[in-house]
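Breakdown of the fold
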Amino acid sequence: MVDIARRDVLTMAGAVGVGAAIPVSPALAEAPGKDPPQAPAANAARSYQFFNLDEAAFIEAFVDHLIPADDLTPSGTELGISIYIDRQLAGAWGKGARMYQLGPWAAGTPQQGYQLPLAPADLYRCAIRAVEAHCASAHGGSFDRLQPALRQQVVQALSEGRLPLQEIPAGASFDKTFFDMAYANVMEGLFADPIYGGNKDKRGWKLVGFPGVMAAHAENIERFRGKPYPVEPLGIADLS
């Protein structure tokens, strides 16, 4: 059993690779041309476009559980990860702008990818509602008010598909869909370009030594191959 409450999430993310995590995200892939990203204002944190107050409390507790504040980075919320997710859910990706949503909805297999008749924003809303109902019934409080050990139990159950999510079709293909999507979105918020709202102060990039926009460093690839490359990361906004 993987203790996903620890910073092992970085190891899991590393298996995919920082560079891969940034451009292949469906959320990021659909952002250009539909919902032009805006550089987050310094005081924009906690100003949500999609999440209501209860949902915001859940998502902040969720991202802070996966990315706790420690000697490596601030918490997930302080890094802007909840803002990143909120912006994506409020935009074209969250509305399923490029998803087929007309049915019929035959049972799919895990190999066929996302198969739910729900846009990502709808999946988030339904799943958060179900998780909160479980927390109230089983633990007598909302997710954000649970002690860390109980919160870990809930997150662990989500990651293993053991927590029933009403309103979401059950089945082997769907049991982990919400956690897998939310986890991927957290990783995107940690490592994507700061212009999308997360990775505040490029702390995710600094954590793993990623220099940022690679075109600006192309001439040094051969020179520093296999060596540390201690430069200040550059983002899209730095080149505009």
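**A few points about a nonpolar patch on the surface**
- The grouping of Y100, L102 and W105 at the surface amounts to a nonpolar patch, some 410 Å² of accessible area in total.
- Mapped onto the elements of the fold, W105 is located in the loop between α5 (81-90) and α6 (120-139).
- Judged by relative accessible area, W105 falls into the partly exposed class, the value being 39%.

**Some words on the nonpolar core**
- Ranked by internal contacts, the top residues of the largest apolar core, which has 49 residues, are F51, F62, I85, Y124 and F178.
- Not counting the four nearest positions on each side in its chain, F62 is found in contact with F143, V155, F179, A182 and V186.

**Points about the side chain of R151**
- For R151, the location among the structural elements is in helix α7 (residues 148-159).
- If we skip the residues at most four places from it in the chain, R151 touches A61, H65, F143, D144, R145 and L146.

**Digging into α6**
- Spanning 20 residues, α6 covers 27 Å between terminal C-alpha atoms, matching the ideal 28 Å at 1.5 Å per step.
- Taken together, the buried positions of α6 are P120, A121, L123, Y124, C126, A127, I128, A130, V131, E132 and C135.
- As for α6, its buried residues are in contact with α4 (53-66), α5, α7 and α8 (177-191).
- Phi turns positive one or two residues past the end of α6, at G140, with a value near 75°.

Calculation notes
Residues numbered from 1 in each chain as written. Predicted model: local features only at pLDDT ≥ 70, side-chain atom pairs only at ≥ 80, totals over all residues. Heavy atoms only, no water. Patch = residues over 30% accessible without salt bridge, like charges linked within 9 Å, V, L, I, M, F, W, Y side chains within 5 Å. Areas by Shrake-Rupley, 256 points an atom, 1.4 Å probe, with all protein chains shown as cover. Salt bridge = Lys/Arg side-chain N within 4 Å of Asp/Glu carboxyl O. Helix = DSSP H or I, 4+ residues; strand = E, 2+ residues; numbered from the N terminus. Buried < 20%, exposed > 50% of the residue type's maximum accessible area, 1.4 Å probe, protein only. Core = buried A, V, L, I, M, F, W, Y, C linked by side-chain atoms within 4.5 Å. Contact = heavy atoms within 4.5 Å. Expected span 1.5 Å × (residues − 1).

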